[in-house]
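# What the coordinates show
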Amino acid sequence: MKRPERLWQPYLPKNVYDPYPMYDRLRDEGGLYKDITGSWIATRYDTVRFLLTDEHFKTQIPNHKFHTKQASYSTRVMDAWILLREGQVHKRLRGVATNVIDWQGIEAIVQEVVDQNLAPLKSKSAIDAVKDIALLTPTRIITRILGLPIQDAPRCKSWAGVLLWAVNPYITPQKLALVEQNAREFATYLDGILDQCEKERPDSAIARLLNTPDDDGNYMTREEVISFVIFLYTSGEETVVNFIGNAIYALLKAPDKMAALAADPSLINIATEELLRLDSSLQYSIRFASVDIEVEGEKIRKGDLVIPVIGAANRDPEVFEDPHQINFKRKKYNHLTFGVGRHYCFGARLARIESRAVLKGFAENLSHFRLDALVKRNPNIMFRGFKALPLKAV
Ligand code: HEM
């Protein structure tokens, strides 16, 4: 008897390198595919959109399945993460965050950081677009927005990078112990800074997160502020670094599009949206069914894990004509890269500003670089990006 073919294999090297043929195949099979592990994989645009918005599908992990008692502290930090909260608590966290951080005036800070990063690269013969461009941008910007000491940015980045491992359900006990240690160190550091900012700089964003109510007069607790700041670092760093790498790679593979952007910088907004659609740095999210429910004719059980694959929805031919091609003339840019609904990416505006500044700067000043050597993808397709993107000047 033939073994049934497994269509969802996100860790297979060929799918890590290029998951899009796998997505096409899954989408052709129908709206929802039941994986061997019992989870549901959604690849059609309408299904992904439905799962991200429908109230019956929650971000909260039932029974903290992914973590053991060893990780009690980091679990507590992560339990308070805004993305993993629902209902009134989510509304309150989002309300306070929106009243404190509105990204006003952020363009000038971003431009200054990006100009500083790109200027020394013009005269070099070889660079790594990840290390020399992408990695230098987001952490410094978040650190300045929050009002933390800029010299602490590398430490925050390193703590946040380790914490991200915790979302991997297959994490080893050794790595889990490191996550735990990093969560404690990061939280202890932020607790101290918060103390200091409350006394000396009450108008800094981190202090205002504690002192500002949402529109109903409710506040964040001290622990929630610390968790929120940790989440900004974890969610706002890796995604932007990876997207910048993905977008530079896509432009270098399509020299006519790079030339078009270099010749007409006013294309930058639509070019960024098209590149966000084409190769998102967050390929999928997760939801848990809170009730027994039927979707696309399939019976989903309460507690089932569903995986809305944003990267697949963004290439659904029912919505995007010729979806595998870069096209700066699309009529609509309704991609799902930043999600949709109540958990819509809080940092989408910042991510767009950062990406536009870097891509415009690259096209104008660094488009004489070409891809060098073989590029290496991160092994994790959920956070799709490059380990290194070596480029040489021609
Ligand atoms: C290209 C870069 C980025 C991508 C692709 C991205 C993608 C996403 C997506 C898809 C979601 C929704 C997930 C879901 O519904 O399950 C989300 C949520 C979120 N993102 Fe981003 N993001 C990016 C950059 C950022 C930045 C720069 C920040 C902040 C500094 C940020 C902060 C957040 C927060 C706080 C949430 C949770 C919102 C909530 O639960 O209400 N993101 N992001």
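Above this text sits the structure in question.
First things first, this report covers the structure right here in the doc. (Residues numbered from 1 in each chain as written. Predicted model: local features only at pLDDT ≥ 70, side-chain atom pairs only at ≥ 80, totals over all residues.)

## Focus on the sheet that holds strand β8 (residues 305-308)
Through backbone hydrogen bonds, the strands of a sheet pair up, either in parallel or in antiparallel fashion. This is how the line gets drawn: DSSP-based pairing: two strands are paired if at least 2 bridges between them are found. Counting from the N terminus, the helices are the DSSP runs of H or I reaching at least four residues and the strands are the DSSP runs of E reaching at least two. The contact rule is simple: place each C-beta atom from the backbone, and if two of them lie within 7 Å, those residues are in contact. Axis definition: a line fitted to C-alpha atoms, limited for helices to the stretch in contact. Angles are taken between N-to-C directions and run from 0 to 180 degrees.
Taken in spatial order, the 5 strands of this open sheet run β1-β2-β8-β5-β3, and their pairing is mixed. The open sheet has two edge strands with one neighbour each: β1 (32-34) and β3 (57-58). Relative to β8, helix α3 (residues 45-53) is tilted by about 125°, and along the sheet it contacts β1, β2 (40-42), β3, β5 (287-289) and β8.

## Notes on the environment of Asp102
Put simply, the rule is: A residue is called partly exposed when the number of other C-beta atoms within 10 Å of its own lies between 12 and 20, exposed at 12 or fewer, and buried at 20 or more, with C-beta atoms placed from the backbone.
Mapping Asp102 onto the fold places it in the loop between α5 (87-100) and α6 (106-118). Look at Asp102 and you get exposed, because 10 C-beta atoms sit within 10 Å. Once the C-alpha coordinates of Asp102 and Ser355 are considered, the two residues, 253 residues apart in sequence, prove to be 18 Å apart.

## Some thoughts on the packing of helix α12 (residues 222-253) against helix α16 (residues 348-365)
Note the cut-off: Crossing handedness follows the turn of the near helix against the far one: under a right angle anticlockwise gives a left-handed crossing, and clockwise gives a right-handed one. Only Asp, Glu, Lys and Arg are considered charged, only Ala, Val, Leu, Ile, Met, Phe, Trp, Tyr, Cys and Pro nonpolar, and every remaining residue, Gly among them, polar.
One can describe the packing of α12 onto α16 by two numbers: an axis separation of 10 Å at closest approach and a directional angle of 35°. Considering only the axes of α12 and α16, their crossing is right-handed. Contacts between α12 and α16 pair Gly236, Thr239, Val240, Phe243, Ile244, Ala247 and Ile248 from the former with Leu350, Ala351, Glu354, Ser355, Val358, Leu359 and Phe362 from the latter. The class makeup of the residues in the contact of α12 with α16 is 10 nonpolar, 3 polar and 1 charged.

## Quick word on the site of the ligand
Applicable threshold: Only the C-beta atom, placed from the backbone, is used; a residue is near a molecule or strand if that atom lies within 6 Å of it.
Residues in contact with the ligand amount to 27 residues; listed here are only the nearest, Gly236, Ser285, Gly339, Cys345 and Gly347. For the shell around the ligand, the leading source of residues is α12, giving 7 residues. Taken together, the residues of the shell around the ligand break down into 15 nonpolar, 11 polar and 1 charged.

## What about the pairing of strand β12 (residues 390-393)?
In this sheet, β12 lies alongside strand β4 (residues 126-128) in antiparallel orientation, the contact comprising 3 bridges. Along β12, the bridge assignment pairs Ile127 with Leu391. With 3 bridges connecting them, strand β9 (residues 369-371) and β12 associate as antiparallel partners. Bridged to Leu371 within β12 is Leu391.

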